[in-house]
Amino acid sequence: MADRIQKIVTKLPGMKSVTDVWKTADRSLGRGDAAFVADLAIALAGVYASDAGRIWQYRSVFDYLLRLLATTPGPGNVAQALRLVSSTEAADRKLDRYAASLLASSQPAEELAVAFTGHATEELRACLVHELVLRGVDVTEAPGIAGWATSPHWRLHPLGWLPLALSELEGQPDLPSYSARGGSHSMPYGPPANREVPRDDRAPVPPVEETTTEAVAKATGVAVTNWAEESNGRIEARVFDLAAPLEAESVPRMLLALGLKCLEGAGTKKAALSVAACPPEHPWRVLFAAASTGGAYNSGVRGAYGRLAAWQSVAGLSGTEQGCGPEEVEASARACAWYAFGADTKWFERVAWDIGLVAVSPERRRLAMLAATDTD
């Protein structure tokens, strides 16, 4: 076996196609030899991981081998996938997040309990807990998982802030599906249908004062930060105090009066502004998709950290005080009036990844907005 692996490792950079390597892995796993698949991936990582950006063959084969192990049912496959991502050659925090998403999508919770007793990092375990929560698993009752998930020792981990069950705000999140050969996910962007707020040019617009700070803008936009940092995205996150309560019918005109970069030139027939009222579940769903699955040229931060980022952006938009728990964030979000907006301006790319969200506080004297766009 070692000779066969070494032969593949040596020849890999010169291959014009890697499908034969995929087929070799398929046959090995079909014979029950998951160890070969993991050994091959570890050997490849040991030689090529540091130069992965240049060697497409390595990226393609390594990803296929990990997906094959993680998405093919079987306890031996789970153990070997964990051995792979925990190896010195491959270990990486982003890989932990990715592996947790793959495993939770395809393996039953009882098979994943080995991650909490065997070789797995705390990062992978934390991610796996919340990837399972996102898929409706009661981790507080899952044998082999509940003890770790409910223990206090990991509450200082960033993901320790999240609840161990889905809230009503989260509903049933849109989650990616995976196979050895790829994956797919939904793209729930754009205003919701049939809830448009008509523009009324006679509606009163109160005087405003912008109160955006760097900290607030960062917190509000955290769910789409990956679009700007890893793809071609742009973000605009701003907060305004209003001198008088803002009525729902005044929201479209108010948005046009704020001097937003994303709406520059909007309001004409060629760049009509659309504004739709929406329940708080809509922004959470959109923000979770943006954070977890990424934009045009990246894959996001995966489910667990995408869940955290969506909560953080909702907290920023709703004006929830820093340090509050999920219950307080949800209560604050439900007390706000929410709107989704869009316009055919030069700022928005109008490809597939466009977000426009507004939250108006319960007393209608604070307006927070977040716009994001990305393109390939």
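Residues numbered from 1 in each chain as written. Predicted model: local features only at pLDDT ≥ 70, side-chain atom pairs only at ≥ 80, totals over all residues. Heavy atoms only, no water.

### Overview of the pairing of strand 6 (residues 337-343)
Spelled out, the test is: Type-normalised accessible area, obtained with a 1.4 Å probe on protein chains alone, sets the label of each residue: buried when under 20%, exposed when over 50%, and partly exposed for intermediate values. Secondary structure elements are taken from DSSP: a helix is a run of H or I of four residues or more, a strand is a run of E of two residues or more, and numbering for both begins at the N terminus. In this scheme, strands are said to pair when DSSP sees at least two bridges between them.
Judged by how many residues are buried, strand 6 sits mostly within the fold: 6 of 7 residues are covered. Relative to strand 7 (residues 353-360), strand 6 runs antiparallel, the two sharing 4 bridges. Note that in strand 7 the partner of Ala340 across the bridge is Leu357.

### Notes on the nonpolar core
Our working definition: The definition of a nonpolar core used throughout is a set of buried Ala, Val, Leu, Ile, Met, Phe, Trp, Tyr and Cys residues joined through side-chain atoms within 4.5 Å. The contact criterion used throughout is that any non-hydrogen atoms of two residues lie within 4.5 Å.
Among the nonpolar cores identified, the biggest contains 105 residues, and Leu84 and Leu128 are the most heavily contacted of them. Not counting residues up to four positions away in its chain, the partners in contact with Leu128 are Ala100, Leu103, Ala104, Leu112, Ala115 and Phe116. Leu242, Leu263, Phe348 and Val360 belong to the second-largest nonpolar core, a separate cluster that totals 24 residues.

### So, the environment of Thr121
Put simply, the rule is: Polar contact criterion, stated in full: a pair of N or O atoms within 3.5 Å, where within protein one must be able to donate a hydrogen and the other to accept it, and residues adjacent in sequence count only if both atoms are side-chain atoms.
By the secondary structure assignment, Thr121 is in the loop between helix 7 (109-112) and helix 8 (122-134). For Thr121 and Asn77, which are 44 residues apart along the polypeptide, the C-alpha to C-alpha distance reads 18 Å. Contacts of Thr121, omitting those with residues within four sequence positions, involve Ser86 and Asp96. Within the structure, the side chain of Thr121 is placed 2.8 Å from the side chain of Asp96, a separation counted as a polar contact.

### What about the side chain of Ser361?
Inspection of the secondary structure puts Ser361 in the loop between strand 7 and strand 8 (366-374). On the basis of relative accessible area, Ser361 is assigned to the buried category, the value being 7%. Polar side-chain contacts of Ser361 include one of 3.0 Å to the side chain of Glu363. A distance of 3.3 Å separates a polar side-chain atom of Ser361 from the backbone nitrogen of Arg365. When residues no more than four places from it in sequence are discounted, the contact partners of Ser361 are Cys336 and Arg366.

### Topic: a positive patch on the surface
Put simply, the rule is: Without a salt bridge and with relative accessible area above 30%, a residue can belong to a patch; like charges are then joined within 9 Å and nonpolar side chains (Val, Leu, Ile, Met, Phe, Trp, Tyr) within 5 Å. Using a 1.4 Å probe, the Shrake-Rupley method yields the accessible areas, and only the shown protein chains count as cover for residues. Only one rule defines a salt bridge in this text: a Lys or Arg side-chain nitrogen within 4 Å of an Asp or Glu carboxyl oxygen. Neither His nor the chain ends is counted toward charge; the positive residues are Lys and Arg and the negative residues Asp and Glu. Lys charges are placed at NZ, Arg charges at CZ, Asp charges at CG and Glu charges at CD.
Together, Arg4, Lys23, Arg27, Arg31 and Arg181 make up a positively charged patch on the protein surface. The exposure class assigned to Arg31 is exposed, which follows from its relative accessible area of 54%.

### Let's talk about the pattern of salt bridges
Counting across every chain of the model gives 18 salt bridges. The residue Asp201 makes a salt bridge to Arg199 at a minimum N-O spacing of 2.8 Å. Taking the relative accessible area as the measure of exposure, Asp201 reaches 49% and is therefore partly exposed. Among the residues examined, Arg199 registers a relative accessible area of 41% and is labelled partly exposed. The closest approach of N and O atoms between Glu281 and Arg334, which form a salt bridge, is 2.8 Å. Here Glu281 is found in helix 13 (residues 281-293), whereas its partner Arg334 is found in helix 15 (residues 326-335), with 53 residues between them in sequence. Judged by its relative accessible area of 26%, Glu281 is partly exposed. Owing to a relative accessible area of 36%, Arg334 belongs among the partly exposed residues under this scheme. If you follow the salt bridges from partner to partner, you end up with Arg93, Arg97 and Glu123 in one network.

### Observations concerning the packing of helix 3 (residues 34-48) against helix 4 (residues 56-71)
Rule in force here: In this analysis an axis means a line fitted to C-alpha atoms, helices contributing only their contacting stretch, and an angle means the value between N-to-C directions, from 0 to 180 degrees. Comment on the angle field: the value is read as roughly parallel under 35 degrees, roughly antiparallel over 145, roughly perpendicular from 65 to 115, and oblique elsewhere. By the definition used in this description, the sense in which the near helix is turned from the far one sets the handedness, with an anticlockwise turn below a right angle giving left-handed and a clockwise turn giving right-handed.
Where helix 3 contacts helix 4, the two axes come as close as 10 Å, and the packing angle between them is 150°. What the angle tells us is that helix 3 and helix 4 run roughly antiparallel. By crossing handedness, the relation of helix 3 to helix 4 is classed as left-handed. Residues Ala34, Val37, Ala38, Leu40, Ala41, Leu44, Ala45 and Tyr48 of helix 3 touch helix 4, and the partners they reach there are Tyr58, Val61, Phe62, Leu65, Leu68 and Leu69.

### Points about the sheet that holds strand 8
Pairing in this open sheet of 6 strands is antiparallel, and the strands run 3-4-8-7-6-5 from one edge to the other. The two strands at the open ends of the sheet, each matched to only one other strand, are strand 3 (208-210) and strand 5 (273-278). For this sheet, the mean angle separating the axes of adjacent strands, direction not counted, is 25°. The sheet contact formed by strand 7 and strand 8 spans 8 bridges and is antiparallel. The residue of strand 8 that forms the bridge with Val358 is Met369. On top of the sheet, helix 13 reaches strand 5, strand 6, strand 7 and strand 8; it is set at about 140° to strand 7, its chief contact.

### As for the state of the cysteines
Put simply, the rule reads: Throughout, disulfides are identified as pairs of cysteine sulfur atoms within 2.5 Å of each other.
By the definition in use, this model includes 0 disulfides. Cys278 supplies the cysteine sulfur nearest to Cys262, a cysteine that is in no disulfide, at a spacing of 15 Å. Cys336 supplies the cysteine sulfur nearest to Cys278, a cysteine that is in no disulfide, at a spacing of 11 Å.

### Observations regarding helix 8
For clarity, the cut-off: Take the residue count of a helix, subtract one, and multiply by 1.5 Å to get its expected span.
End to end, helix 8 covers 19 Å across 13 residues, agreeing with the expected 18 Å (1.5 Å per residue, within 8%). Helix 8 sits mainly inside the fold: 12 of its 13 residues count as buried. Within helix 8 the residues assigned to the buried category are Glu123, Leu124, Arg125, Ala126, Cys127, Leu128, Val129, His130, Glu131, Leu132, Val133 and Leu134. Check the buried side of helix 8 and you find it contacts helix 5 (75-86), helix 6 (93-106), helix 7, helix 9 (146-149), helix 13 and helix 14 (302-318). Two residues or fewer past helix 8, Gly136 is found with a positive phi of approximately 85°.

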